[in-house]
Amino acid sequence: MIKEFVCIVCPNSCRLKAAETEGEITVTGNECARGEKHGIHEYREPTRMLTTTVAIRGGTLPRLPVISREEVPRAMLGRCLEALYRVELNAPLRCGDVVVKNICNTGVDVVASRSMNRKEKRPYG
Ligand code: SF4
């Protein structure tokens, strides 16, 4: 099987082709060794960082930006986003606080990518 994708390691955006023959993956179209490594990884098990926002109660903003500590399997991104859509946090939170541990059994924690203080209550509304 031949898979084609764009290398996302640097802005050069080389068009890669990866093919498997007898268990050996060969990559073409790459202009450097990093592209070959990326092509092999992308062929075997593509992964991505997960970034989104989560609802937060009592914060200075209505949503908190979050990020996975490591890449998660690309095939799991939709399920992880659905799980995060149902999460509601309480302010305050610090940057790096764990928001969801082991999201969807991927073994990866999702953490706050910024701090969020509590919104101060004004005495007259
Ligand atoms: S193959 Fe190398 S030069 Fe091309 S996009 Fe990937 S990292 Fe950049």
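Note that the coordinates shown come from a computational prediction; the quantities given were computed from them, not determined experimentally.

Rules used throughout
Residues numbered from 1 in each chain as written. Predicted model: local features only at pLDDT ≥ 70, side-chain atom pairs only at ≥ 80, totals over all residues. Pairing = 2+ DSSP bridges. Helix = DSSP H or I, 4+ residues; strand = E, 2+ residues; numbered from the N terminus. Axes fitted to C-alpha atoms, helices over the stretch in contact; angles between N-to-C directions. Contact = placed C-beta atoms within 7 Å. Near = placed C-beta within 6 Å. Nonpolar A, V, L, I, M, F, W, Y, C, P; charged D, E, K, R; others polar. Domains from an automatic or database assignment. Core = buried A, V, L, I, M, F, W, Y, C linked by C-beta atoms within 7 Å. Buried ≥ 20, exposed ≤ 12 C-beta atoms within 10 Å, placed from the backbone.

A few points about the sheet that holds strand S9 (residues 98-100)
A sheet is described by the order of its strands in space; here five strands give the open sequence S8-S5-S6-S10-S9, paired in mixed fashion. Each edge of the sheet is formed by a strand with only one pairing partner; in this case those strands are strand S8 (88-90) and S9. Strand-to-strand, the axes of this sheet are offset by a mean angle of 45 degrees, without reference to chain direction. The sheet contact formed by strand S5 (residues 51-57) and strand S6 (residues 63-68) spans five bridges and is antiparallel.

Overview of the environment of Gly-35
As for its position among the elements, Gly-35 is in helix H1 (residues 33-44). Residues Gly-35 and Ser-115 lie 80 residues apart in sequence; the distance between their C-alpha atoms is 35 Å. Residues within four places of Gly-35 in sequence aside, it is in contact with Cys-7, Val-9, Cys-14, Leu-16, Val-27 and Asn-30.

A few points about the site of the ligand
All residues in the neighbourhood of the ligand are listed as Cys-7, Val-9, Cys-10, Asn-12, Ser-13, Cys-14, Asn-30, Glu-31, Cys-32, Arg-34 and Gly-35. In terms of residue class, the shell around the ligand is made up of five nonpolar, four polar and two charged.

So, the domain arrangement of the chain
With domains assigned, the chain is organised as domain 1 (2-44) and domain 2 (51-112). Summarising the inter-unit geometry, the C-alpha centres of domain 1 and domain 2 are found 30 Å apart.

Some details on the nonpolar core
Counting residues in hydrophobic clusters, the biggest one holds 15 residues, and the most contacted among them are Leu-64, Val-66 and Val-110. If we ignore the near neighbours within four places in the chain, the residues touching Val-66 are Thr-52, Thr-53, Val-54, Leu-84, Val-99, Val-110, Val-111, Ala-112 and Ser-113. Cys-14, Leu-16, Val-27 and Tyr-43 belong to the second-largest nonpolar core, a separate cluster that totals six residues.

Regarding the sheet that holds strand S1 (residues 2-6)
Read from one edge of the open sheet, three strands run S1-S2-S3, paired in antiparallel fashion. The outermost strands of the open sheet, each flanked by one partner alone, are S1 and strand S3 (24-28). Ignoring strand direction, the axes of neighbouring strands in this sheet form an average angle of 20 degrees. Where strand S2 (residues 15-21) lies against S3, five bridges are found, and the strand directions are antiparallel. Paired with Ala-18 across the strands is Val-27, a residue of S3.

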